[in-house]
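Listed below are the residues making up each chain.
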Amino acid sequence: MTNVLKTNELGKQYGHKWALRHCTLSIPKSKVVGLVGPNGAGKTTLLQLAVGLLSPTTGTIDVLGGRPAENPSQLGRIGFVAQDTPTYARLSIVKHLQMGAWLNPNWDSKFADQRIDDLGLDRRQRAGSLSGGQRAQLALTLALAKRPELLLLDEPVASLDPLASREFLQTLMEVVEERDVTVVLSSHLVADLERVCDYLIVLAASKVQLSGDVENLLESHWRISGPRRDARDLPSNQHVIEESHTDKQSTFLIRTTQPIHDPAWKIAAVTVDDLVLAYMKNARDVEHQPLSTLREVS
Amino acid sequence: MIRFAWLQFRAQAAIAFGALAIIAIALAITGPHLVHVYDTMISTCKSQKDCGTAAAAFLHSNSTLRTWLGILVVVAPGIVGVFWGAPLVAREFETGTYRLVWTQSVSRTRWLAAKISVVGLFGILFAGLLSLMVTWWASPMDRVSMNTFANFDERDIVPIGYAAFAFMLGLGAGVLIRRAVPAMATTLVAFVAVRIAFINLVRPHFATALVISKHYSASFGPGRGTVFSYPMTLTSNVGSWVISSRTFNGAGNSVTNIACKLVSGIRVQPGSPRPSPAAIKARLRAAEAVFQKCIEQYRQVFTLQPASHYWSFQWYETVSFIAFALVLCAALIWWVRRRTW
């Protein structure tokens, strides 16, 4: 499995504050990756580092076999939709497409025109008068018409209403199916991404808490409940992610690749939502733990 | 990238060059008339041998418009810096569009270079054309006033240098401050400060100043009527730029007032006989001689640049400001290349 994005001990510091620290992750090719984490976890920082808008303070980042933004052709291989989908308010849609055509050698104007037609947008309309959903669609069109190998979207649906959000993700998935493109979507709500992602990275407290194929993650995490028991008494191949106890009963969210034999347990599958919340909660509780606790499942 | 820079700038350019066109039309209509008035004035005043009065009237009748046009030429480079230079990049930071444009397949250096070439060159063109138009329009009056250096900042080529510098200053402030309005304010303050500092500290030293020292003297009319002749103005160096004019006493110290008094000592006491007219005259002459002796110790020392230096000074100043602009430009490109946002 080849990686389109690889970071090693990546860190970004603003003044005395670390926006991202000790971030080591890899993103495999041709996946639709959900980058999930609470606000302030470093998602935006990571994506901006990947596209070269920021430079790392520490560590390395490698994107499509090169340094981010090291040259124009490197920039051309990455599509980026920034948070709040910035566009030039006073320029019309057609001027934005013109910009794309002028500034990108691989620009697919047929695709861009078709997309604007399909969206039913008036080309002469200024970007400033578009709705949030329409502006996001315009930004997505600009990013896709570059014919990127890697598409990065920073909180693309955060400011959209549910209908616009659904439409946005739908058009995104239609294009992704037709092309061999790796997509990374960040969001603080896993629900936004659950339907479209096949790979998940949970970023919290500026570190990667969890990363892996959604399918594998769901097959290796279970919620077990039974008579009250201490977490230390569980088999060594069962890693406790979350635990809760009542007087008589214990419930654990565990990670294991082995079958669970103990007949005392009631075993239930977990949802992506459960997983993300458990790991984010975990990160908050053990924020200052050393790197070795980083959990990697592949 | 040049095309996109132009696409972003053309609305502003249209406004500026529209305004310039209106001014050009107004000047083109009134300008030839001024030349005509000037020619007739010169020919009539020469025959009447009184050109001073005619020139003063000619200057006075057009002074308001001439002053306002001069102010416009002085302000134009500031407008270029504050309204074109400062928001150029700051606005992209403010609205977040830098994240859009920096992720197209264009390096930041090229992006900045394109903005500088398009907007910077238009700024220079704007200030330069305005200056040349006003210079042409005002030339009859400038010839009459003969005060060559008085309008130095608002004529000929210096506004080109000012505009280039103001633009780069604005752009630099915008890149560093990243917010349009504070960058605009900073640009204005810095530009005015540099211009004033340059006028006072650098411009006087472009060429070795001419130092002219003139002794005071007094001339006296008949009877008690007294006429003082002070060398307050220079008739021999018309149109020169007087950088300083100071008064020195006999000991060579700089003074602010002249301590000479004309004391005749003629005082008629009540009851005593009136001195004879001859005696009064003699006393007066003696007092005048004392006064003359006193005042002749004083000198007025002028430091000046003669009118013949005007064009070399225009070039020195223009080249200096263009050099400032180029240094700023190089520093800015270096900064944008290595800056890790």
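From a predicted model like this one, the values you see are computed outputs, not experimental measurements.

**A closer look at the overall build of chain B**
Argument step 1. For chain B, the helix and strand inventory stands at nine helices and six strands.
Argument step 2. Its C-alpha atoms give chain B a radius of gyration of 29 Å, more than 25% over the compact-globule value 20 Å for 341 residues.
Argument step 3. Overall, the C-alpha framework of chain B stretches about 105 × 50 × 35 Å when taken along its three principal axes.
Argument step 4. Burial analysis of chain B (341 residues in total) assigns 26% to the buried set.
Argument step 5. For chain B, restricting intrachain contacts to residue pairs at least 6 apart in sequence, the fraction spanning at least 24 positions comes to 83%.

**Some details on helix 9 (residues 272–285) of chain A**
Argument step 1. Over its 14 residues, helix 9 of chain A extends 20 Å from the first C-alpha to the last, a length consistent with the 20 Å expected when each residue adds 1.5 Å.
Argument step 2. By the burial criterion, the buried members of helix 9 of chain A are Val272, Leu275, Val276, Ala278, Tyr279, Met280, Asn282 and Ala283 of chain A.

**Focus: the interface of chain A and chain B**
Argument step 1. If you look at the interface, chain A gives 23 residues, while chain B gives 17 residues.
Argument step 2. Those elements that place two or more of their residues in the side of chain A that touches chain B are helix 2 (72–76) and helix 3 (93–103) of chain A.
Argument step 3. Split into classes, the residues belonging to the side of chain A that touches chain B amount to 14 nonpolar, seven polar and two charged.

**As for the domain arrangement of chain B**
All names here are of chain B.
Argument step 1. Looking at chain B, the domain boundaries give domain 1 (2–205 + 309–338) and domain 2 (210–268 + 276–305).
Argument step 2. In this structure, domain 1 and domain 2 have C-alpha centres spaced 45 Å apart.
Argument step 3. Across the contact, six residues belong to domain 1 and six residues belong to domain 2.
Argument step 4. In terms of residue class, the side of domain 1 that touches domain 2 is built from three nonpolar, three polar and no charged.

**Focus: the domain arrangement of chain A**
Residue and element names in this part refer to chain A.
Argument step 1. You can read the domains of chain A as domain 1 (3–204) and domain 2 (215–293).
Argument step 2. For domain 1 and domain 2, the distance between their C-alpha centres works out to 33 Å.
Argument step 3. Contact with domain 1, which involves 10 residues of that partner, is made by nine residues of domain 2.
Argument step 4. At the level of elements, helix 7 (190–194) and strand 8 (199–204) are the ones that each hand at least two residues to the side of domain 1 that touches domain 2.

**A few points about the packing of helix 5 (residues 108–145) of chain B against helix 6 (residues 158–177) of chain B**
Residues and elements named next belong to chain B.
Argument step 1. Packing of helix 5 against helix 6 leaves a shortest axis separation of 8 Å and a crossing angle of 145°. Helix 6 is crossed by helix 5, and the crossing has right-handed handedness. Here Ile116, Gly120, Gly123, Ile124, Phe126, Ala127, Gly128 and Ser131 of helix 5 lie close against helix 6, whose contacting residues are Pro159, Ile160, Tyr162, Ala163, Ala164, Phe167 and Leu171.

**What about the sheet that holds strand 11 (residues 239–245) of chain A?**
Residues and elements named next belong to chain A.
Argument step 1. An order of 11-12-10-13 is seen for the four strands of this open sheet, with the pairing classed as antiparallel. Of all the strands in the sheet, the pair left with one neighbour each is strand 11 and strand 13 (266–269). Neighbour-to-neighbour, the strand axes of this sheet turn through a mean angle of 20°, independent of strand direction.
Argument step 2. Alignment of strand 10 (residues 221–227) against strand 12 (residues 249–255), held across seven bridges, turns out to be antiparallel. Residue pairing in the sheet places Trp222 in a bridge with Ile254 of strand 12.
Argument step 3. Against the sheet, helix 9 engages strand 10, strand 11 and strand 12, with an angle of about 90° to strand 11.

**What about the pairing of strand 7 (residues 182–187) of chain A?**
Residues and elements named next belong to chain A.
Argument step 1. Within strand 7, six of the six residues are buried, leaving the element largely enclosed by the surrounding structure.
Argument step 2. Residues Thr182, Val184 and Ser186 point to one face of strand 7 and Val183, Leu185 and Ser187 to the other, with burial holding for every one of them.
Argument step 3. Looking at chain direction, strand 3 (residues 32–36) and strand 7 are connected through five bridges and run parallel. Across the sheet, the residue bridging to Gly34 is Leu185, located in strand 7.
Argument step 4. Both strand 6 (residues 150–153) and strand 7 contribute to a ladder of four bridges, which runs parallel. Residue Leu153 lies in a different strand from strand 7, and its bridge partner there is Leu185.
Argument step 5. Once the chain exits strand 6 it traverses helix 6 (residues 162–178) before rejoining the sheet at strand 7, and the crossover so formed is right-handed.

**With respect to unusual backbone geometry**
Residue and element names in this part refer to chain A.
Argument step 1. Located in the positive-phi region is Leu64, a residue other than glycine, with phi close to 50°.
Argument step 2. Tracing the sequence through the fold places Leu64 in the loop between strand 4 (58–63) and helix 2.
Argument step 3. Phi angles above zero are rare outside glycine, and Asp84 is one such case at about 60°.
Argument step 4. Relative to the helices and strands, Asp84 is located in the loop between strand 5 (78–81) and helix 3.
Argument step 5. According to the C-beta neighbour criterion, Asp84 is partly exposed, with 18 such atoms within 10 Å.

**What to know about the environment of Cys294 of chain B**
Argument step 1. As for its placement among the helices and strands, Cys294 of chain B is situated in helix 8 (residues 277–295).
Argument step 2. For the pair Cys294 of chain B and Lys281 of chain B, spaced 13 residues apart in sequence, the C-alpha to C-alpha distance is 20 Å.

**Some remarks on the sheet that holds strand 9 (residues 207–213) of chain A**
Residues and elements named next belong to chain A.
Argument step 1. The mixed open sheet is built from six strands, whose spatial order is 5-6-7-3-8-9. Looking along the sheet, the strands with just one partner apiece sit at the ends: strand 5 and strand 9. Taking the axes of each pair of neighbouring strands and ignoring which way they run, one obtains an average angle of 15° across the sheet.
Argument step 2. Examined bridge by bridge, strand 8 and strand 9 share six bridges and lie antiparallel to one another. Bridging across to strand 9, Tyr199 finds its partner in Asp213.
Argument step 3. Taken strand by strand, helix 5 (residues 132–144) contacts strand 5 and strand 6, and its axis lies near 170° from that of strand 5.

**Section: the nonpolar core**
Argument step 1. In this structure, Val33, Ala50, Leu152, Leu200, Val202 and Tyr279 of chain A are the most contacted members of the largest nonpolar core, which totals 85 residues.
Argument step 2. Each residue touching Val202 of chain A, except ones within four places of it in the same chain, is listed here: Val36, Gly37, Gln209, Leu210, Val276, Tyr279 and Met280 of chain A.
Argument step 3. Counting residues in hydrophobic clusters, the runner-up holds 49 residues, among them Ala5, Val82, Ala90 and Val119 of chain B.

**Things to note about the confidence of the model for chain B**
Residue and element names in this part refer to chain B.
Argument step 1. Summarising the model, chain B shows a mean pLDDT of 87, and 93% of its residues fall at 70 or more.
Argument step 2. Between the elements of chain B, mean pLDDT differs from a low of 58, seen in strand 3 (residues 226–229), to a high of 96, seen in helix 6.
Argument step 3. We note a pTM of 0.86 for the whole complex and an ipTM of 0.87 for its interfaces.

Rules of the game
Residues numbered from 1 in each chain as written. Chains lettered and ligands numbered in written order. Predicted model: local features only at pLDDT ≥ 70, side-chain atom pairs only at ≥ 80, totals over all residues. Helix = DSSP H or I, 4+ residues; strand = E, 2+ residues; numbered from the N terminus. Rg over C-alpha atoms; globule rule 2.2 N^0.38 Å. Buried ≥ 20, exposed ≤ 12 C-beta atoms within 10 Å, placed from the backbone. Contact = placed C-beta atoms within 7 Å. Expected span 1.5 Å × (residues − 1). Nonpolar A, V, L, I, M, F, W, Y, C, P; charged D, E, K, R; others polar. Domains from an automatic or database assignment. Axes fitted to C-alpha atoms, helices over the stretch in contact; angles between N-to-C directions. Left-handed = near helix turned anticlockwise from the far one by under 90°. Pairing = 2+ DSSP bridges. Right-handed = clockwise from strand over helix to strand, strands pointing away. Core = buried A, V, L, I, M, F, W, Y, C linked by C-beta atoms within 7 Å. pLDDT = per-residue confidence, 0-100.

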